[in-house]
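One-letter residues, chain by chain:
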Amino acid sequence: MAQALLVPTLLLTAGALTTHRVEALESDEELREEIREHMGRPTTTLDNQLRYLPGAVTLGLGLAGVPGRHKPVDQLLLAALAFTLNDAVTSNLKKLTQVQRPDGSDFHSFPSQHTSLAFASATFLHKEYGGRSVWYSVGGYSVAAATGGIRMAKDVHWFSDVLAGAGVGILSTQAAYWLYPLVTKPLRKVLGNRALVVPSYQQGAIGATAVMAW
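Note on numbering: residues in each chain are counted from 1, in written sequence order. Under the rules for a predicted model, residues below a pLDDT of 70 receive no local features and side-chain atom pairs below 80 are neither given nor counted, while totals for whole chains, interfaces and linings still include all residues. Note that the side-chain values use all heavy atoms of the structure and ignore hydrogens as well as water.

- An unreviewed UniProt entry lists the protein chain under the name Phosphatase PAP2 family protein, with Hymenobacter monticola given as the organism.

Right under this line is the structure:
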């Protein structure tokens, strides 16, 4: 468990130390200037799609019959739990920290929600299929890193936002895998194999994801 926590904890800590509220590590402004000088400000919306891609690939592989760590139904519920945790932590951190975006558009910069979801999604792919081939993990995390890079290039996030987002994303999925047996075991005792419900949290709204078996 300690080894699984090391990388995301380092990412989150580095992001927190680099953010404008702390500035213990001064790299945000310098990196932003370098990006603007060499890349300009792209208008692509590719980051909106890339954040979901590793997760979609994971569920697609499961539905296609490629054996993963869990069965497709469990993969769906794990994804729902991971993304719920991710949304809850990321959105509340934004409200708590109130860091202004580099383009000045609002004060919800830290951490990057796109990057956080992308890394949660990539970690989901890694945990389900990384054992079959390391290229699943490489591909998923490459997509997640590209998502964070695009967010910085579009001038809507600082480097610190992306670092922290990556840490939160990885931790969210790790936590989902640790919590999943505890959440589902009592429900399975009551419902058997007929139905399973996992709570969800999206943009401040509490809900649930249900899967029925007939």
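## Description of the packing of aromatic side chains
- Note on aromatic pairs: the rings of Phe, Tyr and Trp (six-membered ring only in Trp) are paired at centre separations within 6.5 Å, and the planes decide the class, stacked below 30 degrees, edge-to-face beyond 60, tilted for the rest. With the rule as written, the count across this model stands at two aromatic pairs.
- Relative to Tyr136, the ring of Tyr129 has its centre 5.7 Å away and its plane inclined at 50°; by these criteria the two rings are tilted.
- In this structure Tyr129 comes out as buried when scored by relative accessible area, which is 0%.
- In this analysis the charged atom, NZ for Lys or CZ for Arg, is taken to sit over a ring once it is within 6 Å of the ring centre and within 35 degrees of the ring normal. A cation sits over an aromatic face here: Lys127 above Tyr177, 5.1 Å from the ring centre. Burial status follows relative accessibility: with a 1.4 Å probe on protein chains alone, a residue under 20% of its type maximum counts as buried, one over 50% as exposed, and anything between as partly exposed.

## Examining the nonpolar core
- Among buried residues, the Ala, Val, Leu, Ile, Met, Phe, Trp, Tyr and Cys ones that are joined through side-chain atoms within 4.5 Å form a nonpolar core. Among the nonpolar cores identified, the biggest contains nine residues, and these are Leu77, Leu78, Ala79, Leu81, Ala82, Phe124, Ala176, Tyr177 and Tyr180.
- Helix and strand labels come from DSSP, where a helix needs a run of H or I of at least four residues and a strand needs a run of E of at least two; each type is numbered from the N terminus. Counting only elements with at least two residues in this core, the list comes to helix H5 (72-97) and helix H8 (159-191).
- With five residues, the top contributor of residues to this core is H5.
- Within the second largest apolar cluster, six residues are counted, among which are Phe119, Ala122, Ala144 and Ile170.

## Concerning a nonpolar patch on the surface
- What makes a patch is a set of residues exposed beyond 30% relative accessible area and free of salt bridges, joined within 9 Å when like-charged and within 5 Å when nonpolar (Val, Leu, Ile, Met, Phe, Trp, Tyr). Where accessible areas are quoted, they stem from the Shrake-Rupley method and a 1.4 Å probe; at the residue level, only the protein chains shown are allowed to cover. We count a salt bridge whenever a side-chain nitrogen from Lys or Arg sits within 4 Å of a carboxyl oxygen from Asp or Glu. On the surface, a cluster of nonpolar side chains totalling about 290 Å² of accessible area is made up of Leu6, Val7 and Leu10.
- Relative to the assigned elements, Val7 resides in helix H1 (residues 2-18).

## Things to note about unusual backbone geometry
- Look at the link from Phe110 to Pro111: it is a cis peptide, with omega at -10°.
- Here Pro111 shows up in the loop between H5 and helix H6 (113-129).
- Here Gln98, not a glycine, exhibits a phi torsion of approximately 50°, which is positive.
- Along the polypeptide, Gln98 turns up in the loop between H5 and H6.
- Residue Gln98 is classed as partly exposed on the basis of its relative accessible area, which comes to 31%.
- Positive phi outside glycine occurs at Asp155, with the angle close to 65°.
- Among the structural elements, Asp155 can be located in the loop between helix H7 (134-153) and H8.

## So, helix H4 (residues 53-63)
- Within the sequence span of H4, burial applies to Pro54, Gly55, Thr58, Leu61 and Gly62. For H4, the buried positions fall inside an angular range of 125° around the axis, keeping them on one side.
- Just beyond H4, the residue with positive phi is Gly65, at close to 95°. By construction, the arc corresponds to the directions joining the helix axis to the C-beta atoms.

## Topic: the pattern of salt bridges
- The full count for this structure, using the stated rule, is six salt bridges.
- The partner of Asp155 in a salt bridge is Arg36, with the nearest N and O atoms 3.1 Å apart. Of the two residues, Asp155 sits in the loop between H7 and H8 while Arg36 sits in helix H2 (residues 28-39), which places them 119 residues apart along the sequence.
- On the basis of relative accessible area, Arg36 is assigned to the partly exposed category, the value being 36%.

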